Amino acid sequence: MIVTLKSEGYQITVNTLGAELKSFKNPSGKEFIWNGDPAFWARSSPLLFPAIGNVRNNKTVIAGREYPMPKHGFCKDMEFVLLTCRNDFAVFSLRANEESLKYYPYLFELQLSYKLDRNKLAISYKVSNKSEDIMYYHIGAHPGFICPLESGKSLKDYVLQFDRDENIKSIVYDMTKLCFSSSRTGIALEGNLLPLSADMFDNDAIYFRHTNSHGVSLINPSTAKGVHLSYPDFSSIAIWTPAGGAAPFVCLEPWNGAAIFDDEDDIFCHKRDIQALMPEKETSYRLEISLMGY
């Protein structure tokens, strides 16, 4: 089911399948979210839970038992229940069920809320542990933004502008071994600007772990138009577009966690940046998407 929210001419749509953001338009009808064309990428903004990226051989060990785990987890493919829907606000819920227990032994509830305020979209991810044990998980977002946003432009006309200066190098993903490297580093980010080019993505996503910034803009510096993503409750960010540079979108992915590293074992709770939630507790993670110049 598609749910539509509106605020002073701005509009978003969300699919109850995965509670996935499918569209964000300004009053002129200009679209900012990737349309999910399977020729490039069939998603638009999937929720990453309880895993980010892949685990080794698509299996992981939780509480002493081996479970299969799909890439980016299973919630993106499950139907959420619409709990609340007003003109500019909606809440979607997913509870542990017979299907989720095949992959993940915890009793959980996820609530995704969307609040549209003109050109700003606030998103909240509330995680609740209904189990009697500590619940371990990764959580991340994966919104895909149309890029270029202006006709006659290309990826190389855009930059990432971080909210703070950085002195960091990306962590390299080994496409042969299907894991992040614990020793190799890639692209250097010094200062707050990162120019974009197609060849940056030859080795999949660019992953900056533990950034100083908790916000980044995807903008055309000559016009100052683009989108800004605020991720106050996420420690890291990845940037991705399919290799080759032909896909007209860029994903900005705030992560708490990551795919498997080459030096990690297969025990899920040992993974880097694992989140731990005590029994009968809940916690929330916030994002905000702002349209700049539109």
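Scroll up for the structure.
Structure report, in brief. (Residues numbered from 1 in each chain as written. Predicted model: local features only at pLDDT ≥ 70, side-chain atom pairs only at ≥ 80, totals over all residues. Heavy atoms only, no water.)

**With respect to the packing of aromatic side chains**
Summed over the entire model, instances satisfying the criterion amount to 24 aromatic pairs. Residues Phe-74 and Tyr-104 carry aromatic rings whose centres are separated by 6.1 Å and whose planes lie at 55 degrees to one another, so their mutual orientation is tilted. Of the two residues, Phe-74 is situated in the loop between β5 (65-68) and β6 (81-85) and Tyr-104 in the loop between β7 (89-95) and β8 (108-117); the sequence distance between them amounts to 30 residues. One exposure class covers both Phe-74 and Tyr-104, and it is buried. (Phe/Tyr/Trp six-rings, centres within 6.5 Å; stacked < 30°, edge-to-face > 60°. Helix = DSSP H or I, 4+ residues; strand = E, 2+ residues; numbered from the N terminus. Buried < 20%, exposed > 50% of the residue type's maximum accessible area, 1.4 Å probe, protein only.)

**Quick notes on unusual backbone geometry**
Excluding glycine, a negative phi dihedral is what most residues carry, and trans is how most peptide bonds are arranged. Note the cis peptide between Phe-49 and Pro-50, where omega equals -5 degrees. With respect to the element layout, Pro-50 can be found in the loop between β3 (20-25) and β4 (59-62). Cis geometry marks the peptide bond from Cys-147 to Pro-148, where omega comes out at 10 degrees. Tracing the backbone shows Pro-148 in the loop between β12 (144-146) and β13 (159-174). Despite not being glycine, Ala-19 shows a phi value in the positive range, around 50 degrees. The residue Ala-19 is located in the loop between β2 (10-15) and β3 in this model. Phi at Asp-273 is positive, roughly 60 degrees, even though this residue is not glycine. Structurally, the position occupied by Asp-273 is in the loop between β19 (249-256) and β20 (275-277).

**Examining the pairing of strand β14 (residues 179-195)**
Pairing geometry for β13 and β14, over ten bridges, is antiparallel. Each bridged residue has a counterpart across the sheet, and for Glu-166 the counterpart in β14 is Gly-191. Here β13 folds back onto β14 in antiparallel fashion, the turn holding four residues, of which Leu-178 has a positive phi close to 55 degrees. (Pairing = 2+ DSSP bridges.)

**Examining the pattern of salt bridges**
Inspection of the entire model under this criterion finds 14 salt bridges. A salt bridge links Arg-56 to Asp-266; its shortest N-O distance comes to 2.6 Å. Pair noted here: Arg-56 is in the loop between β3 and β4 and Asp-266 is in the loop between β19 and β20, with a separation of 210 residues, a long-range link. The class for Asp-266 is partly exposed, based on a relative accessible area of 32%. (Salt bridge = Lys/Arg side-chain N within 4 Å of Asp/Glu carboxyl O.)

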